[in-house]
Amino acid sequence: MTTTTRPTTADELLRMPDDGFRHELVRGKLKRYELNGHEKGRITANVAFALGGYVKASGLGGSCVAGTGFQLESDPDHVRAPDAAFVRRERADAARGTPGFFPGAPDVAIEVVSPSDSYTEVEEKVADWLGAGTLAVIVVDPRRRTAKVHRSLVDAAVLTETDVLAVEDVVPGWSLPVKDIFK
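Residues numbered from 1 in each chain as written. Predicted model: local features only at pLDDT ≥ 70, side-chain atom pairs only at ≥ 80, totals over all residues. Heavy atoms only, no water.

### A few points about the overall build of the protein chain
The criterion, for reference: The numbering of helices and of strands both runs from the N terminus, where a helix is a DSSP run of H or I of at least 4 residues and a strand a run of E of at least 2. Only the C-alpha atoms count toward the radius of gyration. The rule for a globule is 2.2 Å times the residue count to the power 0.38. Contacts are assigned to residue pairs with any non-hydrogen atoms lying within 4.5 Å of each other. For the area figures, the Shrake-Rupley method with a 1.4 Å probe applies, and any residue is considered shielded solely by the protein chains shown. The charge count includes Lys and Arg as positive and Asp and Glu as negative, but it does not include His or the ends of the chains. The atoms used to mark charge sites are NZ of Lys, CZ of Arg, CG of Asp and CD of Glu.
If you tally the helices and strands in the protein chain, you get 5 helices and 13 strands. The C-alpha radius of gyration of the protein chain comes to 16 Å, within 12% of the 16 Å expected for a compact globule of 183 residues. Overall, the C-alpha framework of the protein chain stretches about 60 × 35 × 30 Å when taken along its three principal axes. Across the protein chain, the fraction of contacts at a sequence separation of at least 24, relative to all contacts at a separation of at least 6, is 53%. Of the roughly 9700 Å² that the protein chain leaves accessible, carbon and sulfur atoms contribute 54%. The averaged location of the 27 negative side-chain charges in the protein chain is 2 Å from the averaged location of its 23 positive side-chain charges.

This is the structure:
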């Protein structure tokens, strides 16, 4: 005897009661994540606040923090939630008032590697973001003290603490010294 489980929908994910975990929907399958530890939360805040403050002051668009879902696909529904994100003004304005998750991918997705994350899982997220149209995926790795900027699956730049993080073509004028991410 076989049993099949129907895929979870984005609407069901949105209505789930708070159970103390973060969730994503990976092609209809619910994936549960532990809450962030202090170190990841601190590092995520450093990047998110630097990006969000700049974006707000310059009027370039909108920024989001961990827990904000982006619906990348439908049927089965695929909802990812980066640690931080940027959406250009025209796309953010067009989605304003839309109930549920943001329809589509952010222009910039930032993922901060948790101690419990495998690099394979992180690379799967990078592939999902890029495949859905994200222009730059930034992976911050606290263990290696690096930031890796992905433009495609084969085009990535690894930045160390002596470098400056910038995605000038997507967020004009914004930059952040990599060392400041880890302060």
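### With respect to the layout of surface pockets
Heads up, the condition is: Buriedness of a pocket was judged along seven lines, with at least five required to meet protein on both sides within 12 Å; pockets are open sets of points on a 1 Å grid over the protein atoms alone, cavities are sets where a 1.4 Å probe fits but cannot get out, and lining residues have an atom within 4 Å of a point. Grid points are joined across faces, edges and corners, and a volume is the space filled by probe spheres set on the points.
For the largest pocket, the calculated volume is near 320 Å³. The wall of the largest pocket is formed by 21 residues, among which Y33, K40, S114, S116 and D117 lie closest to the centre. Sorting the residues of the lining of the largest pocket by element identifies β1 (22–26), β2 (29–33), β8 (108–112) and α4 (119–131) as the ones contributing at least two each.

### Some remarks on the side chain of E24
For the record, the criterion: Here a polar contact is recorded for every N or O atom pair within 3.5 Å, except that within protein the pair must consist of a potential hydrogen donor and a potential acceptor, and residues adjacent in sequence are included only if both atoms are side-chain atoms.
Residue position: E24 is located in strand β1. For E24, the side chain forms a polar contact with the side chain of R80, separated by 2.6 Å. A distance of 2.8 Å separates a polar atom in the side chain of E24 from the backbone nitrogen of A81. Ignoring anything within four residues of it in the chain, the contact list for E24 reads L13, K29, L30, K31, Y33, V79, R80, A81 and K125.

### Some points on the pattern of salt bridges
Where we set the bar: A carboxyl oxygen of Asp or Glu within 4 Å of a side-chain nitrogen of Lys or Arg is what we treat as a salt bridge. Accessibility here uses a 1.4 Å probe with only protein chains present; expressed as a share of the type maximum, an area under 20% marks a residue as buried, one over 50% as exposed, and anything in between as partly exposed.
Taken as a whole, this structure holds 17 salt bridges when the rule is applied. Across the pair R80 and D128 runs a salt bridge, and its minimum N-O distance is 2.9 Å. With R80 in strand β5 (residues 78–80) and D128 in helix α4, this residue pair connects regions lying 48 residues apart in the sequence. By relative accessible area, D128 is classed as buried at 11%. Salt-bridge contacts for D107 lead to R88; the nearest nitrogen and oxygen are separated by 4.0 Å. With a gap of 19 residues between them, D107 in the loop between β7 (102–103) and β8 and R88 in strand β6 (residues 84–88) connect regions that are remote in the sequence. Beyond isolated ion pairs, a larger network of salt bridges with shared partners links E24, R27, E73, R80 and D128.

### Some words on the environment of S114
Within the secondary structure, S114 sits in the loop between β8 and α4. Along the primary structure S114 and R96 are separated by 18 residues, whereas in three dimensions their C-alpha atoms are 31 Å apart. Those residues in contact with S114 that sit more than four places away from it in its chain are K40 and R143.

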